[in-house]
Amino acid sequence: MIHLSQAAIEEVNRLRAKNPKPDGILRLGVKAGGCADFYYTLQFDEAETLESSDRHWDCSGIKVVVSANDAGYLDGLTLDYSEDLMGGGFRFHNPNAVQNCGCGNSFAIAQH
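(A) Looking closely at the packing of aromatic side chains. Evaluation of the coordinates by the stated rule reveals 2 aromatic pairs. Ring plane angle 10 degrees and centroid distance 4.1 Å describe the contact between Y40 and F92, whose orientation is recorded as stacked. Of the two residues, Y40 is situated in strand 3 (residues 38-45) and F92 in strand 7 (residues 87-93); the sequence distance between them amounts to 52 residues. Neither Y40 nor F92 differs from the other in exposure class; each is buried.

(B) Molecular detail of unusual backbone geometry. Backbone geometry places S60, a non-glycine residue, at a positive phi of 50 degrees. Mapped onto the elements of the fold, S60 is located in the loop between strand 4 (55-59) and strand 5 (62-66). Classification of S60 as exposed rests on a relative accessible area of 58%.

(C) How the structure looks around the side chain of R27. Locating R27 in the fold gives a position in strand 2 (residues 25-32). A polar side-chain atom of R27 sits 2.7 Å from a polar atom in the side chain of D54. With residues up to four places along the chain from it excluded, the contact list for R27 reads T41, L42, Q43, D45, T49, L50, D54, V65, V66 and S67.

(D) Expanded view of the nonpolar core. One finds I2, L4, L28, V64, L74, L77 and L79 to be the most contacted residues of the largest nonpolar core, which totals 23 residues. Broken down by secondary-structure element, the contributors of at least two residues to this core are helix 1 (6-18), strand 2, strand 3, strand 4, strand 5, helix 2 (68-74), strand 6 (78-84) and strand 7. Other than its neighbours up to four places away in sequence, I2 contacts L28, W57, C59, V64, V66, L74 and L77.

(E) Highlighting the side chain of D70. Within the secondary structure layout, D70 lies in helix 2. Buried and without a salt bridge, D70 has R27 as its closest oppositely charged side chain, separated by 6.4 Å. With near-sequence residues (within four places) excluded, D70 lies in contact with G29 and V30.

(F) Just the layout of surface pockets, in detail. As a volume, the largest pocket reaches approximately 170 Å³. What lines the largest pocket is simply R16, K21, D23, G24, I25, D45, E46, A47, E48, G61 and K63. Across the lining of the largest pocket, the residue classes break down as 2 nonpolar, 2 polar and 7 charged.

(G) Quick peek at the environment of K63. Among the structural elements, K63 can be located in strand 5. Separated by 40 residues in the primary sequence, K63 and D23 have C-alpha atoms spaced 9.0 Å apart.

(H) The arrangement of the environment of I62 in detail. Within the secondary structure, I62 is located in strand 5. With 50 residues separating them in the primary sequence, I62 and V12 have C-alpha atoms 8.1 Å apart. The contacts of I62, once residues within four sequence positions are left out, are L4, I9, V12, N13, R16, L26 and W57.

Analysis parameters
Residues numbered from 1 in each chain as written. Predicted model: local features only at pLDDT ≥ 70, side-chain atom pairs only at ≥ 80, totals over all residues. Heavy atoms only, no water. Phe/Tyr/Trp six-rings, centres within 6.5 Å; stacked < 30°, edge-to-face > 60°. Helix = DSSP H or I, 4+ residues; strand = E, 2+ residues; numbered from the N terminus. Buried < 20%, exposed > 50% of the residue type's maximum accessible area, 1.4 Å probe, protein only. Polar contact = N/O pair within 3.5 Å; in protein donor to acceptor, adjacent residues only side chain to side chain. Contact = heavy atoms within 4.5 Å. Core = buried A, V, L, I, M, F, W, Y, C linked by side-chain atoms within 4.5 Å. Lys, Arg positive; Asp, Glu negative; His and termini not counted. Salt bridge = Lys/Arg side-chain N within 4 Å of Asp/Glu carboxyl O. 1 Å grid on protein atoms, 1.4 Å probe; cavity = no way out; pocket = protein on both sides within 12 Å on 5 of 7 lines; lining within 4 Å. Points joined across faces, edges and corners; volume = space filled by probe spheres on them. Nonpolar A, V, L, I, M, F, W, Y, C, P; charged D, E, K, R; others polar.

Structural data, given as structure tokens:
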């Protein structure tokens, strides 16, 4: 399951309103690389681009999708948003991460 904080919901809604297709679906993903082993990705997708194997959640009216391949890395993740003196941005709280990089966007998981 994926969770969005109230601050993340507000920011996603703000960004969606600026998007040419404001009904976009929020896709969370993982790519190899970054400061640690993996880094997070966020983008807006359209319904036509979804795969039948994608996992879907509704978070206060925001449709969130994660590919089946990425679901194991992101299960239980909470997406937050905050602004501070050093700048604002999305924050990822991932219970599967055993190490997080200082950038906040890169992580490592335990080897199986």
